[in-house]
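Close look at the chain arrangement
Single-letter residue listing:
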Amino acid sequence: MTPIGIDDIELATSHHVVRLDDFAAANGTDPAKFRLGLGQDEFSFPAPDEDVVTMAAAAAAPIIERSGAEGIRTMLFATESGIDQSKAAGMAVHSLLDLPSQMRIVEVKEACYSATAALQAAVGIVTRSPGQRVLVIASDVARYELDTPGEPTQGAGAVAMLVSADPELLEIEPVSGLNSADVDDFWRPNDSSTAIVDGALSVTAYLDALTGAWTDLSAQGGPAMAEIDRVLYHQPFTKMAKKAQVHLAGLTGEDLDTDIVAGPVPSGSAETGPAGVVSSASDSGSTGPRDTGLATSTLYNRRLGNSYTASLYAGLCSLLDHDEDLAGRRIGLFSYGSGSVGEFFTARVVPGYEQHSSRQAVTAALDARVPLSMDAYRALHATELPSAEDVSTPKVTAGPFRFAGVKGRARIYERS
Ligand code: HMG
């Protein structure tokens with residue numbers, strides 16, 4: 001059977017960053033609560049002229065530059081911070097990237113899970129038409145109310161993936177474990193720009209979905225834990241991946257690594273490797289827990305914050321960019337979206353994947369974000385753009401695309 005999966009992948013984020021040490025100082029909180037308690041150092045925050053469209057276009061542009069648009073007849077845009085109730089955000093990306101007219105473009109939603117639904121749909125399209133390629137984009141701005149426990153877990157980011165036959169990065173395997181349950185752990189009503197969350201319930205709902213999806217994967221004839229070399233999780237905050245890993249170890253009876261990075265990922269980590277990892281087990285060692293990539297897959301996310309639909313795939317970028325021993329290895333991916341859906345699926349890493357590393361570019365983009373003072377951050381957070389009158393946004397972003405404002409109630413985008 002022709003392998004189908006991810007041929008190319010890119011991560012983009014916002015212009016601004018909020019440093020959780022500044023946040024802790026302003027709130028009188030011990031900074032260790034964020035670094036260790038949540039496993040987060042910073043969160044990305046969009047400039048007034050950025051949103052899910054500008055980040056999505058910035059992520060997809062290098063992929064189109066590298067391999068052109070030939071054979072791309074579908075764009076699936078996964079987001080839960082959409083910019084319109086009717087029109088798909090992907091239409092603006094299509095325009096910004098000058099993609100061909102002969103395409104179908106839709107937006108998909110189920111909290112943080114929907115990028116995985118889009119990815120599986122893309123695999124289905126390519127299975128039927130192996131000459132086609134599908135652009136899957138996950139882009140989100142995670143926003144909670146000020147002065148709530150969710151606030152330090154905000155973030156912003158986009159991941160674009162090209163799905164094709166004979167992919168150069170990841171071959172997606174056919175068996176998936178699925179779990180759905182109607183639960184009010186996290187949601188965002190139509191009239192609210194911030195999410196409503198029951199934090200404690202959301203953590204147990206996530207772990208329950210992991211149990212259900214793993215059990216279903218086994219029932220469907222999926223691989224045993226011993227046959228899975230690395231595991232990636234949806235990362236609303238990186239400590240959640242650690243909680244999930246402890247949970248999976250309990251479910252499977254396997255001794256798995258549970259260490260995430262203990263401190264800030266140093267600037268320049270593009271050259272130095274995942275410094276700050278508390279301890280690292282080895283694949284071959286007979287003593288100690290097995291290294292399934294928990295530490296390396298959380299390096300980008302602890303600087304990005306929660307990027308909702310993009311979060312799991314930002315974890316994939318981090319693993320691919322930091323683990324030099326992935327060729328031929330099987331990765332397990334657990335996708336979770338509140339509400340709730342969980343899916344556990346697996347993929348094989350294609351030899352030669354390391355030639356696609358974006359480590360230097362991603363690290364440079366994270367380092368280049370402009371820090372916000374707490375006053376500036378709170379003012380920006382409180383800003384709601386009126387949609388009923390024409391308005392121009394200030395030119396702030398250094399990214400390649402910008403949201404120029406609203407004209408005749410329509411959102412206007414342009415190249416920077
Ligand atoms: P909180 O009030 O910060 O909780 O809320 P806490 O006071 O229990 O502290 C958190 C951890 O920090 C605890 O560790 C403390 O012990 C530790 P844990 O018991 O979890 O291991 N701590 C410290 N550690 C070191 N030094 C210190 C210190 N002080 C405390 N000085 C909560 C945490 C996650 C609930 C909150 O941030 C929240 O509501 N976040 C948003 C919801 C969320 O992310 N849920 C995750 C699962 S749901 C999901 O993933 C879906 C989602 O992405 C949405 C979607 O699907 O679209 C959210």
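First, a word on scope: everything that follows refers to the structure included in this document. Just so it is clear, the model here is predicted, and its values are computed rather than measured. (Residues numbered from 1 in each chain as written. Predicted model: local features only at pLDDT ≥ 70, side-chain atom pairs only at ≥ 80, totals over all residues. Heavy atoms only, no water.)

1. Some thoughts on the overall build of the protein
Per the secondary structure count, the protein includes twelve helices and 17 strands. For 416 residues, the compact-globule estimate of 2.2 N^0.38 gives 22 Å, and the C-alpha radius of gyration of the protein, at 20 Å, lies within 12% of that figure. Based on the C-alpha atoms only, the size of the protein along its principal axes is roughly 65 × 55 × 45 Å. Across the protein, contacts joining residues at least 24 apart in sequence account for 75% of those joining residues at least 6 apart. Total accessible area on the protein stands at roughly 16,500 Å², and carbon and sulfur atoms take up 50% of it. Across the protein, 31 positive and 54 negative side-chain charges occur, with their mean positions spaced 4 Å apart. (Helix = DSSP H or I, 4+ residues; strand = E, 2+ residues; numbered from the N terminus. Rg over C-alpha atoms; globule rule 2.2 N^0.38 Å. Contact = heavy atoms within 4.5 Å. Areas by Shrake-Rupley, 256 points an atom, 1.4 Å probe, with all protein chains shown as cover. Lys, Arg positive; Asp, Glu negative; His and termini not counted. Charge placed at Lys NZ, Arg CZ, Asp CG, Glu CD.)

2. A few points about the pairing of strand β4 (residues 72-78)
Of all the seven residues making up β4, six are buried; the element is thus mostly covered by neighbouring parts of the structure. Strand direction decides the pairing type here: β4 and strand β6 (residues 133-142), joined by six bridges, are parallel. By the bridge assignment for β6, Leu 76 is matched with Val 136. Relative to strand β5 (residues 104-108), β4 is paired through five bridges, and the arrangement is parallel. Each bridged residue has a counterpart across the sheet, and for Met 75 the counterpart in β5 is Ile 105. Regarding topology, helix α4 (residues 90-96) serves as the crossover connection from β4 to the parallel β5, and that connection is right-handed. (Buried < 20%, exposed > 50% of the residue type's maximum accessible area, 1.4 Å probe, protein only. Pairing = 2+ DSSP bridges. Right-handed = clockwise from strand over helix to strand, strands pointing away.)

3. Some remarks on the site of the ligand
Of all residues adjacent to the ligand, which total 25 residues, the nearest are Glu 80, Cys 112, Ser 202, Lys 239 and Lys 243. The separation between an oxygen atom of the ligand and a polar side-chain atom of Lys 33 is 2.8 Å. For the shell around the ligand, the secondary-structure elements that each account for two or more residues are α2 (31-38), α6 (199-219), α7 (238-252) and β12 (330-337). Looking at the shell around the ligand residue by residue, the class counts come to eleven nonpolar, nine polar and five charged. Lining the shell around the ligand are residues from two domains, each supplying at least three of them: domain 1 (4-169 + 358-415) and domain 2 (171-353). (Near = heavy atom within 4 Å. Polar contact = N/O pair within 3.5 Å; in protein donor to acceptor, adjacent residues only side chain to side chain. Nonpolar A, V, L, I, M, F, W, Y, C, P; charged D, E, K, R; others polar. Domains from an automatic or database assignment.)

4. With respect to the packing of aromatic side chains
Centre distance and the angle of the planes are the two values used to describe a pair of aromatic rings. Applying the stated criterion across every chain, the model contains eleven aromatic pairs. Taking the centre distance of 6.4 Å and the plane angle of 75 degrees together, the rings of Phe 23 and Phe 43 count as edge-to-face. Pair noted here: Phe 23 is in helix α1 (residues 20-27) and Phe 43 is in strand β3 (residues 42-45), with a separation of 20 residues, a long-range link. Across the pair, exposure class does not vary: Phe 23 and Phe 43 are buried alike. Relative to Tyr 413, the ring of Phe 403 lies with its centre 5.5 Å away and its plane at 40 degrees, an arrangement referred to as tilted. Placement of the pair is Phe 403 in strand β16 (residues 401-407) and Tyr 413 in strand β17 (residues 410-415), with a sequence separation of ten residues. (Phe/Tyr/Trp six-rings, centres within 6.5 Å; stacked < 30°, edge-to-face > 60°.)

5. Regarding unusual backbone geometry
Each neighbour pair has its own omega, and for Gly 339 with Ser 340 the value is 10 degrees, a cis peptide bond. The residue Ser 340 is located in the loop between β12 and β13 (341-349) in this model. With phi around 45 degrees, Ala 111 is a residue other than glycine that occupies positive phi space. Here Ala 111 is to be found in the loop between β5 and α5 (114-128). The class of Ala 111 is buried, set by a relative accessible area of 11%. The phi dihedral of Asp 147 falls on the positive side, at around 60 degrees, and the residue is not glycine. Structurally, the position occupied by Asp 147 is in the loop between β6 and β7 (155-165).

6. Description of the environment of Val 93
Along the chain, Val 93 falls in helix α4. In this structure Val 93 comes out as buried when scored by relative accessible area, which is 0%.

7. Section: the sheet that holds β3
Reading across the sheet, the three strands line up as β3-β2-β14 and stay open at both edges, with mixed pairing between neighbours. The sheet is open, and its two borders are formed by β3 and β14 (370-371), each paired with just one other strand. Sheet contacts for α1: β2 (16-19) and β3; angle to β2, the most-contacted strand, approximately 50 degrees. (Axes fitted to C-alpha atoms, helices over the stretch in contact; angles between N-to-C directions.)

8. Some words on the pattern of salt bridges
Taken as a whole and judged by the stated rule, the model has 18 salt bridges. As a salt-bridge pair, Arg 402 and Glu 414 come within 2.6 Å of each other at their nearest N and O atoms. Taken together, the positions of Arg 402 in strand β16 and Glu 414 in strand β17 put the pair twelve residues apart, joining distant regions of the chain. Look at the salt bridges and you will find they share partners, linking Asp 21, Arg 35, Asp 41 and Arg 302 into a network. (Salt bridge = Lys/Arg side-chain N within 4 Å of Asp/Glu carboxyl O.)

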